[in-house]
Amino acid sequence: MNAICWTRKLTGDFSEIVKNVALSGNITEIEPGELCTLQLSEQGQLAREIILQDLAALTAHGASPSLNIISYYDRDEAFPFFPTDVYSYHVDRSPIPTSTFLCTYYGDASDILPNSQGIQKILIPEVRAELRTLYNGPDEGFESFLSEHFFDLHYQAKPGAVPVNLGTGHLWRLAVDHPDSLVPPCLHRAPKEKSGPRLLLIC
């Protein structure tokens, strides 16, 4: 199993936190100290307490969580035919055993895709041929080229694929590609921010 969900129905007004933070750029990180200084209503205070509890629980677990308000992620414009930004289905990779934890408290939530319903883009013949035109080195270095530019981390949904939306309030643990992993890494992508800024905990 490479995706585990703690299903929750959270109380409190998480949108109030988004509205009370001064945004700085497309991604604004909120430190716990700043979160505690926000002037919030009773519902906003309930939301804040839940977030603080989640941050504390993940930190105690050994993780390094961060809380962000995301207006949008930067798009990859270096390779228009093969963007390697987080809006594309991708897997996370680490040299050490770890997992990705995330919870969307407010706004659009991420999608995951069953591994059987995705294909690594570098295995698609026409994509691989296009990547070959970008590479000028010896044949034995092509795979390293793909890895160095993160092409090998990205996937395409197969026809008829049915993504799973992670929803709001739920805490997810997603498998990462690392040397000791016993399961395939989880395919996931960030959503287009159609509903405005999203409040996301991630580590």
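Per chain, residue numbering runs from 1 following the sequence as it is written. A pLDDT threshold of at least 70 governs which residues receive local features in this predicted model, and a stricter bar of 80 or more applies before side-chain atom pairs are shown or counted, although totals over entire chains, interfaces and linings include all residues. With hydrogens and water set aside, each side-chain value is computed from the structure's full complement of heavy atoms.

Peer 1: Help me get a handle on unusual backbone geometry, residues and values and all.
Peer 2: Peptide bonds are, in most cases, trans, and in most cases residues other than glycine have a negative phi. The phi dihedral of Phe-150 falls on the positive side, at around 65 degrees, and the residue is not glycine. The way it works is that DSSP assigns letters per residue, a run of H or I at least four long becomes a helix, a run of E at least two long becomes a strand, and they are numbered from the N terminus. Mapped onto the fold, Phe-150 is located in the loop between helix H5 (142-148) and strand E7 (155-157).

Peer 1: I'd like a rundown of the nonpolar core, residues and numbers included.
Peer 2: As used here, the term nonpolar core means buried Ala, Val, Leu, Ile, Met, Phe, Trp, Tyr and Cys residues forming a set that is joined through side-chain atoms within 4.5 Å. Burial classes follow relative accessibility: with a 1.4 Å probe on protein chains only, a residue under 20% of its type's maximum area counts as buried, one over 50% as exposed, and anything between as partly exposed. Ile-17, Ile-30, Ile-51, Leu-67, Tyr-105 and Leu-199 are the most contacted members of the largest nonpolar core, which has 22 residues in total. Of all the secondary structure elements, the ones that give two or more residues to this core are helix H1 (15-20), helix H3 (42-60), strand E3 (66-70), strand E4 (99-106) and strand E11 (198-202). With 5 residues, the single largest contributor to this core is H3. Contacts were defined at the residue level, with two residues in contact if any of their heavy atoms lie within 4.5 Å. The contacts of Leu-199, once residues within four sequence positions are left out, are Phe-14, Ile-17, Val-18, Ile-30, Ile-51, Leu-67, Asn-68, Ile-69, Cys-103, Thr-104, Tyr-105 and Tyr-106. In terms of nonpolar packing, the next biggest core, distinct from the first, is built from 12 residues, Ile-112, Leu-166, Ala-190 and Leu-200 among them.

Peer 1: Explain the pattern of salt bridges to me, and be specific about the residues and the numbers.
Peer 2: Counted as salt bridges are all cases of a side-chain nitrogen of Lys or Arg within 4 Å of a carboxyl oxygen of Asp or Glu. All told, the structure shown has 7 salt bridges when counted by the stated rule. A salt bridge links Arg-8 to Asp-54, with the nearest nitrogen and oxygen atoms 2.9 Å apart. You can see Arg-8 sitting in the loop between strand E1 (3-6) and H1 and its partner Asp-54 sitting in helix H3, a full 46 residues away along the chain. For Arg-8, a relative accessible area of 11% corresponds to the buried category. Overall, Asp-54 belongs to the buried group, its relative accessible area being 6%. Members of the salt-bridge network, linked through shared partners, are Arg-93, Asp-152 and Asp-177.

Peer 1: Got a sec to walk through the sheet that holds strand E10 (residues 187-189)? Specific residues and values, please.
Peer 2: Two strands pair under a simple rule: DSSP has to find at least two bridges between them. Pairing in this open sheet of 3 strands is antiparallel, and the strands run E8-E5-E10 from one edge to the other. Two strands close off the open sheet at either side, each with one partner strand: strand E8 (164-165) and E10. In this sheet, E8 lies alongside strand E5 (residues 111-113) in antiparallel orientation, the contact comprising 2 bridges. Counted as the bridge partner of Ile-112 is Val-164 from E8.

Peer 1: Hey, could you go over the environment of Ser-94 for me, with residue numbers and the actual values?
Peer 2: With respect to the helices and strands, Ser-94 occurs in the loop between E3 and E4. Accessibility expressed as a relative area gives 13% for Ser-94, which makes it buried. In sequence terms Ser-94 and Ala-109 are 15 residues apart; their C-alpha atoms lie 23 Å from each other. Sequence-distant contacts of Ser-94, that is, excluding residues within four places in its chain, are made with Val-176, Asp-177, His-178 and Pro-179. Of note is the side chain of Ser-94, whose polar atom sits 2.8 Å from the backbone oxygen of Ile-96. What qualifies as a polar contact is a pair of N or O atoms within 3.5 Å, subject to a donor-acceptor requirement within protein and to the restriction that residues adjacent in sequence count only when both atoms come from side chains.

Peer 1: So, the packing of aromatic side chains: which residues are in play, and what are the values?
Peer 2: Ring pairs shown here join Phe, Tyr and Trp side chains whose ring centres sit within 6.5 Å, with only the six-membered ring taken for Trp; geometry is labelled stacked below 30 degrees between planes, edge-to-face above 60, and tilted in between. Enumeration according to the criterion identifies 8 aromatic pairs in this entry. Aromatic pair Tyr-73 and Tyr-87: ring centres 6.0 Å apart, planes at 75 degrees, arrangement edge-to-face. Taken together, the positions of Tyr-73 in the loop between E3 and E4 and Tyr-87 in the loop between E3 and E4 put the pair 14 residues apart, joining distant regions of the chain. Each member of the pair Tyr-73 and Tyr-87 is classed as buried. Geometrically, the ring pair formed by Phe-142 and Phe-145 is stacked, given 6.1 Å between the ring centres and 20 degrees between the ring planes. On the criterion of helical spacing, the pair formed by Phe-142 and Phe-145 is a turn pair, its members being 3 residues apart in helix H5. Under the relative-accessibility criterion, Phe-145 is labelled buried at 10%. Taken together, the aromatic side chains of Phe-81, Phe-82, Tyr-135, Phe-142, Phe-145 and Phe-151 make up a single cluster linked through ring pairs. The criterion is that NZ of a Lys, or CZ of an Arg, lies within 6 Å of the ring centre and within 35 degrees of the ring normal, and then a charge sits over that ring. For the cation-ring pair, Lys-121 lies above Phe-82, with the distance from its terminal atom to the ring centre recorded as 5.1 Å.

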